[in-house]
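Next come the chains, spelled out residue by residue.
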Amino acid sequence: MEHEALRQTNMAIAARYLQAINDWDFDVKRELLAPDVVFEMRWAPAGFPRRIDGVEAVMEFLAPLPESIVTEGLYDIHVDTLHSDPGEVVTFYRSDMRMVRPVEYKNEYVTRFTIRNGRIVRFVEHFDPIPLILAFGGSVTPPSL
């Protein structure tokens with residue numbers, strides 16, 4: 001597949017995955033993830049895994065989220081690829097989540113997808129962990145400077 005066509009295809013796959021998050025469409029998520037996918041949350045707070053290996057483990061991690069989150073509310077989504085590799089897709093987006101507990105959770109994300117042969121083989125999500133901690137009822141005490 002020509003470079004630009006592959007780039008467009010992979011950007012569409014990443015955008016479709018993000019839309020599946022918004023739609024709580026677990027079937028589409030499963031369809032887009034490779035069997036040996038690696039899901040990383042590099043800056044996840046304590047209590048959250050930093051790495052999950054394999055589609056079944058990822059789906060097991062995602063399955064209970066609707067018990068805490070009514071809607072993900074992802075928006076301002078920008079999708080691009082690295083110039084050197086159209087299979088490396090970088091996305092920027094924001095969330096305005098509705099939680100089951102009446103608490104506000106907003107965040108900003110930079111996520112890198114590695115896509116090979118039409119499937120996501122790696123999904124690395126970067127976000128500010130502090131708003132997540134607060135939304136789930138935790139607290140953060142800053143040090144005195």
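These figures come from a predicted structure and were not determined experimentally.

When you look at unusual backbone geometry in this model, what are you seeing that I'm missing?
The phi angle of most residues is negative, glycine excepted, and most peptide bonds adopt the trans form. Even without a glycine there, the phi angle at Asp76 is positive, about 50°. For Asp76, the location among the structural elements is in strand 4 (residues 74-82). Look at Asn117: it is not a glycine, yet its phi comes out positive at around 50°. Note on placement: Asn117 falls in the loop between strand 6 (104-116) and strand 7 (119-127).

Please explain the pattern of salt bridges as it appears in this structure.
Close approach of charged atoms lets side chains of opposite charge pair. The full count for this structure, using the stated rule, is 13 salt bridges. One salt bridge connects Asp53 with Arg51, and the closest N-O pair in it is separated by 2.9 Å. For Arg51, a relative accessible area of 49% puts it in the partly exposed group. Between Asp96 and Lys106 there is a salt bridge, with its nearest N and O atoms 4.0 Å apart. In this pair, Asp96 is assigned in strand 5 (residues 85-99) and Lys106 in strand 6, connecting sequence segments 10 residues apart. Shared partners join several salt bridges into a network, and the residues in it are Asp85, Glu88, Arg112 and Arg116.

What counts, and at which threshold
- Residues numbered from 1 in each chain as written.
- Predicted model: local features only at pLDDT ≥ 70, side-chain atom pairs only at ≥ 80, totals over all residues.
- Heavy atoms only, no water.
- Helix = DSSP H or I, 4+ residues; strand = E, 2+ residues; numbered from the N terminus.
- Salt bridge = Lys/Arg side-chain N within 4 Å of Asp/Glu carboxyl O.
- Buried < 20%, exposed > 50% of the residue type's maximum accessible area, 1.4 Å probe, protein only.

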